Amino acid sequence: MAIKLIGFAQSPTTRRVVLVLNELGIPYELESVTEIQTIKTEEFITKKHPFGKVPVLCDGDHVVNESRAICRYLVSKYQKDSKTVLYPDDVHKASLVEQYISYELSYFDPPLSKVLYQEIYAKRRGEPTDEAVVKQSLEELSKTLDIYEKILKDKDYLNGEYSLADLFHLPCAHIVYNATGHSDIFDSRPRVKNWLDKLRERDAYKKTYAE
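Residues numbered from 1 in each chain as written. Predicted model: local features only at pLDDT ≥ 70, side-chain atom pairs only at ≥ 80, totals over all residues. Heavy atoms only, no water.

(A) Just the packing of helix α5 (residues 131-151) against helix α8 (residues 190-200), in detail. Look at α5 against α8: their axes get within 8 Å of each other, and the N-to-C directions meet at 80°. It follows that α5 is roughly perpendicular to α8 by the angle criterion. Packed against α5, whose contacting residues are Leu145, Tyr148, Glu149 and Lys150, the element α8 presents Pro190, Arg191, Val192 and Trp195 at the interface. The residue inventory of the contact of α5 with α8, partitioned by class, reads five nonpolar, no polar and three charged. (Axes fitted to C-alpha atoms, helices over the stretch in contact; angles between N-to-C directions. Helix = DSSP H or I, 4+ residues; strand = E, 2+ residues; numbered from the N terminus. Parallel < 35°, antiparallel > 145°, perpendicular 65-115°, else oblique. Contact = heavy atoms within 4.5 Å. Nonpolar A, V, L, I, M, F, W, Y, C, P; charged D, E, K, R; others polar.)

Here it is as structure tokens:
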């Protein structure tokens, strides 16, 4: 039975899962959510996600939600059948992948998500942009990227080799880079720019953002 992914097609969280699916060459069906009410029904909340959120992955009878959890599940089950290694077997390398994933969740994603909400989603909803929040978030992101610039010294990827940690950063960075006027916050840091350029050169990235 084919894997089914339920989600908003253009959302960063759905894209995160699609990136992993494409990296590992896993066939899937995307069930695109077009109406918010469809994920707020009692059946969806009972069977798919107790908080009425997406993405949700259905692999046969197995259902898993939350994008990072879904990605880890896919890697755990399907990486062995792929030439792409997103999560190393070596325990020391794996611990560092988890470390950088934690950095993404704690220091990278929060300010980017605030910028995205204010400059993309709030506008779509007809809400005014809170420039103070944008300014504060960009300052926070700038401090984070200064540290990333140091982390990336003498290497193309966070852990030295491409991994799930790098991939997790890409969806929000892609939107901020391409749909706001803030690409300079990445480009002004040579190592960060090289890192993102390497990520965007990957076939899985090109396929994901062509879909």
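Let's pick the thread back up.
(B) Quick peek at the UniProt feature "domain: GST C-terminal" (unreviewed entry) in the chain. As recorded in UniProt, the sites labelled "domain: GST C-terminal" (unreviewed entry) are residues 90-211. Between the end C-alpha atoms of residues 90-211 the distance is 34 Å, and the span holds 75% helix and 0% strand. (UniProt positions renumbered as here; feature names shortened; annotations may be inferred.)

(C) Structural detail: the pairing of strand β1 (residues 3-7). By the criterion of burial, β1 is predominantly enclosed, with four of the five residues buried. Across five bridges, the pairing between β1 and strand β2 (residues 28-32) is parallel. Bridge pairing links Gly7 to Ser32 in β2. Taking the sense of rotation as the criterion, the β-α-β connection linking β1, helix α1 (residues 12-24) and β2 turns out right-handed. (Buried < 20%, exposed > 50% of the residue type's maximum accessible area, 1.4 Å probe, protein only. Pairing = 2+ DSSP bridges. Right-handed = clockwise from strand over helix to strand, strands pointing away.)

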